[in-house]
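# Structural characterization, general
Residue strings, one per chain:
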Amino acid sequence: MGTRFLESLLRTSEKAANIARVIRQDEHLFKLLVQEKKGSEKNPRFVQDFKTLADVLIQETIKHDIGKQFPAISGHILGEESNTFSNTLGDTITVEVQASQAATAALLSTVLCGDIQAANVLAAEVHKDISVEELDLEDSLPLLDLPLEQYGMWIDPIDSTAEYISGEELKSSQGDIYQSGLQCVTVLIGVFDRISGQPILGVVNQPFHIQHDSKWTGKCQWGVSFRDISKFSSSLHKPLEHGKEKVVVLSGSEGSSLKSQLHAAGYMVAEAAGAGYKQLCVARGDADMYVLSKGSTFRWDTCGPHAILRALGGGIVSYQKVLKEDGELEKSELSYSDNVVTEGLSPLTLHCNQEGLIAYKDRNMLIELLHVLKES
């Protein structure tokens, strides 16, 4: 059951990546994504509606495919986006994958105010079967027996939407890290234990990994951290290079004081868009750590990458808590359990990683960084 579950997550993540690529590469759909009409034709909701529809459609496709195959987890699949829409004509529609491609196309055409062409293209991708061969996996999947009935799942359908829209590529001066561009876009799927709050399984699909002429191909990577089992995509494993400069990746909005502090301690600092992408940089070994001092990420941003990092021997800790806890990493690890005081908290606040985070792969490097941060 567990192995089939992992395979299904990988397949549905690739379907999600296909939808993201089709929208970005189909001329008609891309015009909907970026078009802003002027003057009397301008509708302030038009652009936002289609941007949000791309997110929601991917989210609902993943929820549909996994929920249908694995009823034990179907009631606990959570996403960033609400699937209730008010289109530009004032109609309220709930976006859900229908039983047939034609029915899904009819529903989408209602959301899109009668744009049959766009609805048909999108519905075809939603109902397309993805084979294991299309995933181009570098490893055989591990044998797993997972208690899905006690698990939950978080989906971030298109992480780094701004980069998805603009696609303006800018490479960092630090190795293989992109500061901006389509490479920073990810589809994030994370599975967690609802009782312990620990992330168990993560899938990160990068739809725009390599461009060949005008076409993009993606890369899908995964990790499982379950009891005494730690398995991950072999392409994530890079041996530690002793003596090389340590790289910390940050958000472009991070304050100058933290950057100065890191520079003064001898760290190389790289900026990059997308929380999912920055965590992936750490998992791949392109960066040693990702530091975020602000509460600007959410559970859907971190659950999947967190599971991968745990499988690699690392993890994600709360930035503020790990400094207060005097470096006790286990007490500072991000948790996905709702066993907390929730009275008076909005859902958005409840799911926010309010105290920032540090994502790491090497425990010793994290401890070394904490000494630097505490000295300030």
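Because the structure is a prediction, the values reported are computed rather than measured.

Strand pairing in a sheet takes place through backbone hydrogen bonds and is either antiparallel or parallel in direction. Pairing within the open sheet is mixed, and its five strands lie in the order β12-β11-β13-β15-β14. Edge positions in the sheet fall to β12 (268-271) and β14 (315-317), since each has one partner strand and no second. Sheet twist, expressed as the mean angle between neighbouring strand axes with direction ignored, is 25 degrees. Relative to strand β15 (residues 357-360), β14 is paired through three bridges, and the arrangement is antiparallel. Following the sheet pairing, G315 is matched in β15 by Y360. Contacts from helix α10 (residues 299-311) reach β14 and β15, with the element oriented near 125 degrees to β14.

Here the focus is the pairing of strand β8 (residues 199-212). Where burial is concerned, most of β8 is hidden: ten out of the 14 residues are buried. The pairing of strand β7 (residues 186-193) with β8 spans six bridges and is classified as antiparallel. Following the sheet pairing, L188 is matched in β8 by V204. The turn linking β7 back onto β8 is made up of five residues, and G197 within it adopts a positive phi angle of 80 degrees. With nine bridges connecting them, β8 and strand β9 (residues 215-226) associate as antiparallel partners.

In spatial order, the strands read β1-β4-β7-β8-β9-β10; together these six strands make up an open sheet with mixed pairing. Single-partner strands in this sheet number two, and they are β1 (77-79) and β10 (229-232). For this sheet, the mean inter-axis angle between neighbouring strands, taken without regard to orientation, is 15 degrees. As paired strands, β9 and β10 are joined by four bridges and run antiparallel to one another. When the sheet's bridge partners are listed, S225 is paired in β10 with S230. Along the sheet, helix α1 (residues 2-25) makes contact with β4 (151-159), β7, β8 and β9, crossing β8 at roughly 35 degrees. Sitting on the sheet, α10 touches β4, β7, β8, β9 and β10, and the angle it makes with β8 is about 100 degrees.

What counts, and where the lines are drawn
- Residues numbered from 1 in each chain as written.
- Predicted model: local features only at pLDDT ≥ 70, side-chain atom pairs only at ≥ 80, totals over all residues.
- Heavy atoms only, no water.
- Pairing = 2+ DSSP bridges.
- Helix = DSSP H or I, 4+ residues; strand = E, 2+ residues; numbered from the N terminus.
- Axes fitted to C-alpha atoms, helices over the stretch in contact; angles between N-to-C directions.
- Contact = heavy atoms within 4.5 Å.
- Buried < 20%, exposed > 50% of the residue type's maximum accessible area, 1.4 Å probe, protein only.

Purely geometric stuff here, so don't read any function into it on its own.
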